[in-house]
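Here is what each chain is made of, one letter per residue.
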Amino acid sequence: MRKLILAAAAMAAIASGVQADDRQRMDDLATCLSFSFVKNGLDGVKDVPADLVPGIMAIKDEFLFEASVNGLDDNAAQTLVVERLQEQNKIKEINGLQEVVSRYLPLCRKVGESLSQP
């Protein structure tokens, strides 16, 4: 009985760790989706340049998948991205675009690399 309880506790700890990884991945994707808009001066009104569409769509699709895995509905997922947009636009307003780039580009490169792996 004790072994069964220990095994159940171990499985719960593993599941909790996986869930934390999923949440971090979702947050990273939201950050990078926002970064792609802020860095490229996209305001939601202008058309997205054709060369940016594949990358933005890959991030968006993966983000929506992770959001659903983490139990976010469409409104909550959209709110998360908007919060990241507001945060990055505030940094841009106060410290300039270079500050946004230096803060988020390393993370977004890692995210991009992870998306390009099979």
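Up top is the structure these notes are about.
So, a few notes on the structure that sits alongside this text. Note that the coordinates shown come from a computational prediction; the quantities given were computed from them, not determined experimentally. (Residues numbered from 1 in each chain as written. Predicted model: local features only at pLDDT ≥ 70, side-chain atom pairs only at ≥ 80, totals over all residues. Heavy atoms only, no water.)

## Thoughts on the packing of helix H3 (residues 74-95) against helix H4 (residues 97-116)
- Remark: H3 packs on H4, axes separated minimally by 6 Å, with the N-to-C direction vectors making an angle of 135 degrees. Taken together, H3 and H4 sit at an angle that is classed as oblique. Contacts between H3 and H4 involve Glu87, Gln88, Ile91, Lys92 and Asn95 on the former and, on the latter, Leu97, Glu99, Val100, Arg103 and Tyr104.
- Here the residues of the contact of H3 with H4 are counted per class, giving four nonpolar, two polar and four charged. (Axes fitted to C-alpha atoms, helices over the stretch in contact; angles between N-to-C directions. Helix = DSSP H or I, 4+ residues; strand = E, 2+ residues; numbered from the N terminus. Parallel < 35°, antiparallel > 145°, perpendicular 65-115°, else oblique. Contact = heavy atoms within 4.5 Å. Nonpolar A, V, L, I, M, F, W, Y, C, P; charged D, E, K, R; others polar.)

## As for the side chain of Asp28
- With respect to the helices and strands, Asp28 occurs in helix H1 (residues 2-39).
- The side chain of Asp28 sits in the buried core without any salt bridge; Arg25 is the nearest counter-charge, 6.4 Å away.
- Here Asp28 is in contact with Leu107 and Val111, once residues within four sequence places are set aside. (Buried < 20%, exposed > 50% of the residue type's maximum accessible area, 1.4 Å probe, protein only. Lys, Arg positive; Asp, Glu negative; His and termini not counted. Salt bridge = Lys/Arg side-chain N within 4 Å of Asp/Glu carboxyl O.)

## Regarding the packing of aromatic side chains
- A complete count under the given rule lists one aromatic pair for this structure.
- Both rings, one in Phe35 and one in Tyr104, keep their centres 6.4 Å apart while their planes meet at 45 degrees; by these two values the pair is tilted. With Phe35 in helix H1 and Tyr104 in helix H4, the pair connects residues that are 69 residues apart, well separated along the chain. Each member of the pair, Phe35 as well as Tyr104, carries the same accessibility label: buried. (Phe/Tyr/Trp six-rings, centres within 6.5 Å; stacked < 30°, edge-to-face > 60°.)

## Describing the layout of surface pockets
- By volume, the largest pocket is sized at about 250 Å³.
- In terms of lining, the largest pocket is formed by 14 residues, of which the most central are Phe35, Ser36, Asn40, Leu52 and Ile59.
- By residue class, the composition of the lining of the largest pocket is seven nonpolar, four polar and three charged.
- Space inside the second largest pocket adds up to approximately 180 Å³.
- Lining the second largest pocket are 13 residues, with Leu33, Phe37, Ile56, Lys60 and Val81 sitting closest to its centre.
- Among the elements that take part in the lining of the second largest pocket, helix H2 (residues 53-69) stands out by supplying four residues, more than any other.
- Considered class by class, the residues forming the lining of the second largest pocket number nine nonpolar, two polar and two charged. (1 Å grid on protein atoms, 1.4 Å probe; cavity = no way out; pocket = protein on both sides within 12 Å on 5 of 7 lines; lining within 4 Å. Points joined across faces, edges and corners; volume = space filled by probe spheres on them.)

Any link to function would need more than the numbers given here.
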